[in-house]
Amino acid sequence: MLLFRSEETITEWCEARGLPKRPSINLNQLWYLAMTWYENRLTVESRRPGPDEMGEIFARVGLEGPFWDPKLISGTRPPDFDEKEHAPLRSCILSAPFTGKQAIDDQIVVVVIEPLSLSNDPF
Amino acid sequence: MDFDTAVKMNIYETIARTTQAPTSADVAKALSTSPEEVEAALERLHKKRLLVPEPGDPSRIRMAPPFSGVETPFRVKVQDKIYYANCVWDALGIAAALQTDAIIEASDGQSGEPMMLEVRNGQPVPEECVIHFAVPAAHWWDDILYT
């Protein structure tokens, strides 16, 4: 996840990358998640919340629906679950000549080729 | 305490104290064991989604959430120390884990505008910002470095 000043810069970020705009949360919601995940992380008994707990934690700060359901990975998907909407991004090996657009399964991925950078930005 | 927990605790205590993630050799020395035994524990902890070894180098730790083993754009100042977080969630998580005030230096993901968040007395100081999740929760660990 990334930090933005406003919804407008999120929209610009998504449009620049051809990605769908997905849910965003506010600082107080994020602080609750950070406390819940990490408050006891330096203790012997600390552990990561399990899928059921994660769903409950998200719900406490109003984050509900398929996007926030960690159990969807286990195959318990609701009838109206949209596989395309929730599919993870995939990388691909480009074959020459590359035209700037390539189909992966039934997804269209637009790739911008830029000079190699040592930036820390994983995106 | 079992061996994997001892490895985990040594790693977290080392990062909290020094801000730097130890290598498998460092942990092995502290626990009087071999680096290979520690690396096997790191892999088990990775499967439990508690740690992420450096891709291609099992002797190093890339992520011990909320801490990053490498420098990132998310700098967290705690008194005179600088920690690095894996993302903005983890940046707040460092303040939560250390149970301390913190100043987080970050930037707008699109414009690059410098942004500062602060945790004071157990609460974030109000700041105009929003956090965007590009990956659904069920897929965060498909590629946690991307997430």
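Before any of the text, the structure's been laid out above.
Residues numbered from 1 in each chain as written. Chains lettered and ligands numbered in written order. Predicted model: local features only at pLDDT ≥ 70, side-chain atom pairs only at ≥ 80, totals over all residues. Heavy atoms only, no water.

Asks: How would you sum up the packing of helix H2 (residues 24-31) of chain B against helix H3 (residues 35-47) of chain B? Please name residues and give values.
Replies: A pair of packed helices can be characterised by two numbers: the angle between their axes and the separation between those axes. Residues and elements named next belong to chain B. Direction vectors running N to C along H2 and H3 enclose 110°, while the axes themselves pass 8 Å from each other. In terms of orientation, H2 and H3 fall into the roughly perpendicular class. Between H2 and H3 the crossing geometry is right-handed. For the pair H2 and H3, the contacting residues are Ser24, Ala25, Val27 and Ala28 in the first and Pro35, Val38 and Glu39 in the second. (Axes fitted to C-alpha atoms, helices over the stretch in contact; angles between N-to-C directions. Helix = DSSP H or I, 4+ residues; strand = E, 2+ residues; numbered from the N terminus. Parallel < 35°, antiparallel > 145°, perpendicular 65-115°, else oblique. Left-handed = near helix turned anticlockwise from the far one by under 90°. Contact = heavy atoms within 4.5 Å.)

Asks: Summarise helix H4 (residues 88-98) of chain B; cite the residues concerned and give the values.
Replies: All names here are of chain B. Buried residues dominate H4, accounting for 10 of its 11 residues. Val88, Trp89, Asp90, Ala91, Leu92, Gly93, Ile94, Ala95, Ala96 and Ala97 are the residues of H4 that are buried. Positive backbone phi, approximately 50°, marks glutamine 99, located one or two places after H4. (Buried < 20%, exposed > 50% of the residue type's maximum accessible area, 1.4 Å probe, protein only.)

Asks: Quick rundown of helix H3 (residues 51-60) of chain A? Include the residues and the values.
Replies: Those residues of H3 of chain A not exposed but buried are Met54, Ile57 and Phe58 of chain A. Down the axis of H3 of chain A, the sector holding all buried residues measures 100°, keeping them to one side. Each element contacted by the buried residues of H3 of chain A is listed here: helix H2 (27-38) of chain A together with H4 of chain B. Note on H3 of chain A: the residue one or two positions beyond its end, glycine 62 of chain A, has a positive phi of about 80°. (Arc of directions from axis to C-beta.)

Asks: Could you give an account of the pairing of strand E6 (residues 102-107) of chain B, naming the residues involved and the relevant values?
Replies: Residues and elements named next belong to chain B. Covered by surrounding structure in E6 are Ala102, Ile104 and Ala106 only, the residues Ile103, Glu105 and Ser107 on the alternate face being uncovered. Bridge count for strand E4 (residues 74-78) against E6 is 3 bridges, and the pairing is antiparallel. Counted as the bridge partner of lysine 77 is isoleucine 103 from E6. Where E6 lies against strand E7 (residues 114-120), 6 bridges are found, and the strand directions are antiparallel. Across the sheet, isoleucine 104 pairs through a bridge with leucine 117, a residue of E7. Hairpin connection from E6 to E7: 6 residues lie between these consecutive antiparallel strands, with glycine 112 at a positive phi of about 80°. (Pairing = 2+ DSSP bridges.)

Asks: Would you mind going over the packing of H2 of chain A against H4 of chain B in detail, with residue names and values included?
Replies: Relative orientation of the contacting elements H2 of chain A and H4 of chain B amounts to 55°, with a least axis distance of 8 Å. One finds that H2 of chain A runs oblique with respect to H4 of chain B. Taken as a pair, H2 of chain A and H4 of chain B cross one another with a handedness that is right-handed. Contacts between H2 of chain A and H4 of chain B involve Leu27, Leu30, Trp31, Leu33, Ala34, Met35, Trp37 and Tyr38 of chain A on the former and, on the latter, Val88, Trp89, Asp90, Leu92, Gly93, Ala95, Ala96 and Ala97 of chain B. Of the residues assigned to the contact of H2 of chain A with H4 of chain B, the class counts are 14 nonpolar, 1 polar and 1 charged. (Nonpolar A, V, L, I, M, F, W, Y, C, P; charged D, E, K, R; others polar.)

Asks: Requested: an account of the interface of chain A and chain B, with residues and values cited.
Replies: Across the contact, 53 residues belong to chain A and 59 residues belong to chain B. When the two sides are added together, the surface that chain A and chain B hide from each other amounts to roughly 5200 Å², 66% of it contributed by carbon and sulfur. It is Met1, Leu3 and Arg5 of chain A in chain A that bury the most area against chain B; as a group they hold 20% of the surface buried on that side. For the interface between chain A and chain B, the tally reads 2 salt bridges. Residue glutamate 127 of chain B pairs with arginine 5 of chain A through a salt bridge whose shortest N-O separation is 2.7 Å. The tally of links between chain A and chain B comes to 19 residue pairs in polar contact (both at pLDDT 80 or more). Broken down by secondary-structure element, the contributors of at least two residues to the side of chain A that touches chain B are strand E1 (2-4), helix H1 (7-17), strand E2 (24-25), H2 and H3 of chain A. A breakdown of the residues in the side of chain A that touches chain B according to their chemical character gives 32 nonpolar, 9 polar and 12 charged. The sheet contact formed by E1 of chain A and strand E9 (residues 130-132) of chain B spans 3 bridges and is antiparallel. The residue bridging leucine 3 of chain A from the neighbouring strand is isoleucine 131 of chain B, located in E9 of chain B. (Buried area = accessible area lost by both parts, 1.4 Å probe. Salt bridge = Lys/Arg side-chain N within 4 Å of Asp/Glu carboxyl O. Polar contact = N/O pair within 3.5 Å; in protein donor to acceptor, adjacent residues only side chain to side chain.)

Asks: Explain the pattern of salt bridges residue by residue, including any values.
Replies: Using the criterion set out here, one finds 10 salt bridges over all chains in the structure. Among the ionic pairs, lysine 71 of chain A bridges to aspartate 52 of chain A, the shortest N-O distance being 3.1 Å. Remark: aspartate 52 of chain A occurs in helix H3 and lysine 71 of chain A occurs in the loop between H3 and helix H4 (83-86); sequence separation between them is 19 residues. Take lysine 71 of chain A: its relative accessible area is 35%, and that puts it in the partly exposed class. What emerges from the salt-bridge pattern is a single network uniting Arg5 of chain A together with Glu113 and Glu127 of chain B.

In short, geometric facts, not functional conclusions.
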